[in-house]
Amino acid sequence: MSLRFVTKSIHAYLDYPVAFALIGLPFILGLGATNPFALWLSVGTGAAALILTLLTDHQFGVLRVLPYNFHLAVDGAVGALFLFAPFLFGFTGLDAAYYWANGIAVAIVVSLHKPEAEMAPA
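Residues numbered from 1 in each chain as written. Predicted model: local features only at pLDDT ≥ 70, side-chain atom pairs only at ≥ 80, totals over all residues. Heavy atoms only, no water.

### Remarks on a nonpolar patch on the surface
Thinking step 1. On the surface, L81, F84, F87, L88, W100, I104 and I108 cluster together into a nonpolar patch covering about 730 Å² of accessible area.
Thinking step 2. For the nonpolar patch, the secondary-structure elements that each account for two or more residues are helix 3 (68–89) and helix 4 (93–111).
Thinking step 3. Broken down by element, the nonpolar patch gets its largest block of residues, four residues, from helix 3.
Thinking step 4. Here I108 shows up in helix 4. (Patch = residues over 30% accessible without salt bridge, like charges linked within 9 Å, V, L, I, M, F, W, Y side chains within 5 Å. Areas by Shrake-Rupley, 256 points an atom, 1.4 Å probe, with all protein chains shown as cover. Salt bridge = Lys/Arg side-chain N within 4 Å of Asp/Glu carboxyl O. Helix = DSSP H or I, 4+ residues; strand = E, 2+ residues; numbered from the N terminus.)

### Side note on helix 4
It helps to recall that an α-helix has 3.6 residues per turn; residues three or four apart then point in one direction.
Thinking step 1. Under the 1.5 Å per step criterion, the end-to-end length of helix 4 is 27 Å for 19 residues, consistent within 8% with the ideal 27 Å.
Thinking step 2. Every buried residue of helix 4 is listed here: D95, A96, Y98, Y99 and G103. On an axial view of helix 4, the arc spanned by its buried residues comes to 160 degrees, and they lie on one face.
Thinking step 3. Buried positions along helix 4 lie against helix 1 (8–29), helix 2 (37–55) and helix 3. (Expected span 1.5 Å × (residues − 1). Buried < 20%, exposed > 50% of the residue type's maximum accessible area, 1.4 Å probe, protein only. Arc of directions from axis to C-beta. Contact = heavy atoms within 4.5 Å.)

### Quick notes on the packing of helix 3 against helix 4
Thinking step 1. Running from N to C, helix 3 and helix 4 point in directions that differ by 150 degrees, and their axes come no closer than 8 Å. Regarding the angle of helix 3 to helix 4, the classification is roughly antiparallel. Judged by the sense of rotation from one axis to the other, the crossing of helix 3 with helix 4 is left-handed. Contact with helix 3, carried on its side by L72, D75, G76, G79, F82, L83, A85, P86 and F87, involves A96, Y99, W100, N102, G103, I104, V106 and V110 of helix 4 and no other residues of that element.
Thinking step 2. A per-class count over the contact of helix 3 with helix 4 returns twelve nonpolar, four polar and one charged. (Axes fitted to C-alpha atoms, helices over the stretch in contact; angles between N-to-C directions. Parallel < 35°, antiparallel > 145°, perpendicular 65-115°, else oblique. Left-handed = near helix turned anticlockwise from the far one by under 90°. Nonpolar A, V, L, I, M, F, W, Y, C, P; charged D, E, K, R; others polar.)

### Brief notes about the packing of aromatic side chains
Thinking step 1. Using the criterion set out here, one finds eight aromatic pairs in the structure.
Thinking step 2. On the basis of an interplanar angle of 90 degrees and a centroid distance of 4.9 Å, the ring pair of F82 and Y99 is categorised as edge-to-face. Of this pair, F82 sits in helix 3 while Y99 sits in helix 4, placing them 17 residues apart in sequence.
Thinking step 3. The buried category is assigned to Y99, whose relative accessible area is 0%.
Thinking step 4. Taken together through their ring pairs, the aromatic side chains of F37, F82, F89, F91, Y98 and Y99 make up a single cluster. (Phe/Tyr/Trp six-rings, centres within 6.5 Å; stacked < 30°, edge-to-face > 60°.)

As structure tokens, this is what we get:
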């Protein structure tokens, strides 16, 4: 039995709220105390995530020109960047915790992805 349960459809439902949260939460939380880049890295990533979602070939993609596997690869890279951002850019306190929490969340979602081949009936 596989623990992978995050389907393409479930992932699609997460994309827009996550993008908007990455754009808005840094302002609500007051990120940037240790480094102004802590605020703008999230905002820029959120804007890029919104564009990526609009262009991804899944149920909520608008133009659907980018393969879903590419989207997953980008998510994985963002998760890794977020995990290392506090070390790379000197974030501490809430700034660091925000990136570590988001990096862990992204890593979990990507690692729990259920390949479409596993969803097909036997």
